[in-house]
Amino acid sequence: MTRTTTVSATSASLTPRQAWSRVRGLLLALLVLLAAGIALASVRSGDQHGRLDPRSADRYGSRAVAELLKGRGVSVRVATTLAEATTGLGPDTTLLVTSPDLLAPHQQEELRARTAHSGGRTVLLAAGPPSVGTLVPGVRAKSARPTTTRDPECSLPAARRAGAIETGGFRYAPGDLAATACFPSNGLPTLLLFEQGAGETVLLGSSDLLHNDRLDDQGNASLALQLLGSRPHLIWYLPSLTDTGAISGHDGEHADRGFTDLIPRGWLWATLQLALAAVLAAIWRARRLGPLVTERLPVAIRASESAEGRARLYRRTNARGRAADSLRAAARGRVAALLGVAPRDAHSPTTLVPAVSTRLDGDESRLRYLLFGPAPSDDAALVRLADQLDTLEREVRTS
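This structure is a prediction, so every number in the text was calculated from the model and none was measured. (Residues numbered from 1 in each chain as written. Predicted model: local features only at pLDDT ≥ 70, side-chain atom pairs only at ≥ 80, totals over all residues. Heavy atoms only, no water.)

Caption draft 1: Spotlight on the overall build of the chain. Along its length, the chain carries 14 helices and nine strands. Expressed as a percentage of the 399 residues in the chain, the buried residues total 36%. When contacts within the chain are restricted to residue pairs at least 6 apart in sequence, those whose partners lie at least 24 apart make up 66%. Taken as a whole, the chain presents about 23,000 Å² of accessible surface, with 55% of it coming from carbon and sulfur. (Helix = DSSP H or I, 4+ residues; strand = E, 2+ residues; numbered from the N terminus. Buried < 20%, exposed > 50% of the residue type's maximum accessible area, 1.4 Å probe, protein only. Contact = heavy atoms within 4.5 Å. Areas by Shrake-Rupley, 256 points an atom, 1.4 Å probe, with all protein chains shown as cover.)

In structure tokens form, the structure reads like this:
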């Protein structure tokens, strides 16, 4: 019979063309994203290479100020790890930290402890909220402002000799600390100098004046040489995400570490962002497409083929309950029409079952089980149900 054939039909496998049509949109989006990332990286790589590096002649490098300092007799030593940066600190040394926010919390505490009693000068460039509270207790970093020309408006000799400079970035609230505040922006200084222990600490809200392409603007070169050249030795510290000290304990020895501890902090954030992007892409691909829209098919499809296709879908998902519901609903509708039962009551067991029992003089419990019973336990039971529904409909028709 037709129902038996449709239920037991074998499922069709997904063809390569169908698989390609499903994934090509996502693959195309990933390809565009990858191409855009490569293009952006290639465009920016030339400018960003060696940022604030005293060996780099790029526009964002700092080779120009390093050469000027060497010409004035100041030795410049580059350090890329915290251990290198804190070796040799003393009253005759200036320590320049180009990116304090890249330091891990315990690195910040160690740096503060090492510089507090060195007697030298520590210059912190663009220290934001992640680092300033630890490196300089009592000082708070406020929201950054654009870089522009600002007057010193303070009594610091170095600032007065330099005059107006191009500065901006973070602004600092010194709190109760006795400090010299210069180059204010909206009431808060972008340069702060104060004594910390036996030495000096300088907070500079922006690093722009040290860039090669801005050193000759305004009084940038004068202020840079005075801040960094007050001692005969300069340690130029370039913090790095690959510094092994970032995963060391407070005592300098490597602590017990897990897999995630071996990954630099910046890569963890990048991984989280990629995971979020993957989740959003999955949500986008799984979004609801709205209600079904009835369309005229370009070709005529026989009812038997449509029923066979639905049967294959039911079998692929083992949806025997849904298949049985479809068979019972169709049988109830046809039987109700033969008995003169209203369509709205065709699926009501209290109305349909007594009507069928009266016509056939049968057992109501058996009829209720047949027309409104539970889902079949296996495929064989589903086939028997289809046969029994056919027999019931034929008996009602001929009675």
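Caption draft 2: Spotlight on the nonpolar core. Grouped together as the largest cluster of nonpolar side chains are 30 residues, with contacts concentrated most on Val 65, Leu 96, Leu 156, Leu 191, Leu 210, Leu 223 and Leu 228. Looking at this core, the elements that each hand over two or more residues are α3 (63-71), β3 (121-125), α7 (157-162), β6 (180-185), β7 (188-196), β8 (199-204), α8 (220-228) and β9 (233-237). Among the elements that make up this core, the one with the highest residue count is α8 (five residues). Among residues more than four places away in sequence, those in contact with Leu 156 are Thr 180, Cys 182, Leu 191 and Leu 193. (Core = buried A, V, L, I, M, F, W, Y, C linked by side-chain atoms within 4.5 Å.)

Caption draft 3: How the structure looks around empty space enclosed by the protein. Evaluation of the coordinates by the stated rule reveals two cavities of 30 Å³ or more. Taken as a whole, the largest cavity encloses approximately 50 Å³ of empty space. For the lining of the largest cavity, the secondary-structure elements that each account for two or more residues are α5 (105-116) and β3. Sort the elements by how many residues they give to the lining of the largest cavity and α5 lands first, with three residues. Grouping the amino acids of the lining of the largest cavity by side-chain chemistry returns three nonpolar, four polar and one charged. In this structure, the second largest cavity encloses a volume near 40 Å³. Lining the second largest cavity are Val 123, Leu 125, Leu 204, Leu 209, Leu 210, Leu 223, Ala 224, Leu 227 and Leu 228. If you list the elements that add at least two residues to the lining of the second largest cavity, you get β3 and α8. Element by element, the count of residues in the lining of the second largest cavity is highest for α8, at four residues. Split into classes, the residues belonging to the lining of the second largest cavity amount to nine nonpolar, no polar and no charged. (1 Å grid on protein atoms, 1.4 Å probe; cavity = no way out; pocket = protein on both sides within 12 Å on 5 of 7 lines; lining within 4 Å. Points joined across faces, edges and corners; volume = space filled by probe spheres on them. Nonpolar A, V, L, I, M, F, W, Y, C, P; charged D, E, K, R; others polar.)

Caption draft 4: The environment of Asn 220, seen in detail. Locating Asn 220 in the fold gives a position in helix α8. On the accessibility criterion, Asn 220 (0% relative accessible area) is buried. Beyond its immediate chain neighbours, meaning those up to four positions away, Asn 220 contacts Ile 165, Glu 166, Leu 209, Arg 214 and Leu 215. A polar contact is formed between the side chain of Asn 220 and the backbone nitrogen of Glu 166, at a distance of 2.9 Å. (Polar contact = N/O pair within 3.5 Å; in protein donor to acceptor, adjacent residues only side chain to side chain.)

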